[in-house]
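Summary of structural features
Next come the chains, spelled out residue by residue.
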Amino acid sequence: MRTDERITRAMGELLRRQGYAATGINALARAAEAPTGSLYHHFRGGKREIAAAALRQTGAVYIELLPLLLDPYEDLAEGIEAALAQAGENMRDTGWANMCPVGSVTAEVADMEPELRAVSAEVMRDWLDKGAAYFTRRGLTAEAAREFTHAVLAALEGAFVLARALRTLDPFHAAGRALAAHVRALARAEDAAVRG
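Because the structure is predicted, anything quoted here is derived from the model rather than measured. (Residues numbered from 1 in each chain as written. Predicted model: local features only at pLDDT ≥ 70, side-chain atom pairs only at ≥ 80, totals over all residues. Heavy atoms only, no water.)

1. Digging into the overall build of the protein chain
A count of helical and extended segments in the protein chain gives nine helices and zero strands. Listing each helix as α and each strand as β along the protein chain from the N terminus yields α-α-α-α-α-α-α-α-α. Per-residue burial for the protein chain yields a buried fraction of 43% across its 196 residues. Of all intrachain contacts in the protein chain linking residues separated by at least 6 positions in sequence, the fraction that spans at least 24 positions is 69%. Distance between charge centroids for the protein chain: 5 Å, based on 23 positive and 26 negative side chains. (Helix = DSSP H or I, 4+ residues; strand = E, 2+ residues; numbered from the N terminus. Buried < 20%, exposed > 50% of the residue type's maximum accessible area, 1.4 Å probe, protein only. Contact = heavy atoms within 4.5 Å. Lys, Arg positive; Asp, Glu negative; His and termini not counted. Charge placed at Lys NZ, Arg CZ, Asp CG, Glu CD.)

Encoded structure:
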């Protein structure tokens, strides 16, 4: 793996586990197994530029999980419940640290670091576009798919925060049930409109 990729990957992991403010350059250099000078050689903008690259990289990877998690399920509602349950189990199994770095950074520094807020917004718009396209392929209308993607992202990010604070899988299970009910209601409404 190239040094710049190692640095970006290490930053993504540190952002996921501890956030932006707590991630220092020396800790990043250790995590990336790279000299501090290499960080600035590859990322002249320093910590902020590395964080922006990490957010883009992890954002691109995370949205690719959508079909991997849901394609095995013919019933989309069943798949959504299973995916949320799996996200909760992954978070529990990592000591409640498996949060989304994009959501973490956005919540932490959106007003203090406008460049990183802009990158987070870019990543989230990409998630919305790709998620809506995916749910459209799964049978929802474009409008319903966009609405459902908003609901999925909001529920998942909220579940990460609640589960981390409360140390319980309950938020993931509740979010999964609510999303499953929502997508079933959207499908029923679409069926009624087609028949009507």
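Back to the write-up after that little detour.
2. A short note on the packing of helix H1 (residues 3–18) against helix H2 (residues 25–32)
Packing of H1 against H2 brings their axes to within 8 Å, and their N-to-C directions diverge by 120°. H1 and H2 meet at a crossing whose hand is right-handed. Side by side, H1 and H2 meet where Arg6, Ile7, Ala10, Met11 and Leu14 of the first sit next to Ala27, Leu28, Ala31 and Ala32 of the second. A per-class count over the contact of H1 with H2 returns eight nonpolar, no polar and one charged. (Axes fitted to C-alpha atoms, helices over the stretch in contact; angles between N-to-C directions. Left-handed = near helix turned anticlockwise from the far one by under 90°. Nonpolar A, V, L, I, M, F, W, Y, C, P; charged D, E, K, R; others polar.)

3. Comments concerning helix H4 (residues 46–70)
One turn of an α-helix holds 3.6 residues; hence residues three or four places apart share an orientation. Along its 25 residues, H4 runs 37 Å from first to last C-alpha, staying within 8% of the 36 Å computed at 1.5 Å per residue. The complete set of buried residues in H4 reads Gly46, Ile50, Ala51, Ala52, Ala54, Leu55, Thr58, Gly59, Ile63, Leu66 and Leu70. In this structure, the buried side of H4 is in contact with H1, H2, helix H3 (36–42), helix H5 (76–93), helix H6 (101–109) and helix H7 (114–137). (Expected span 1.5 Å × (residues − 1).)

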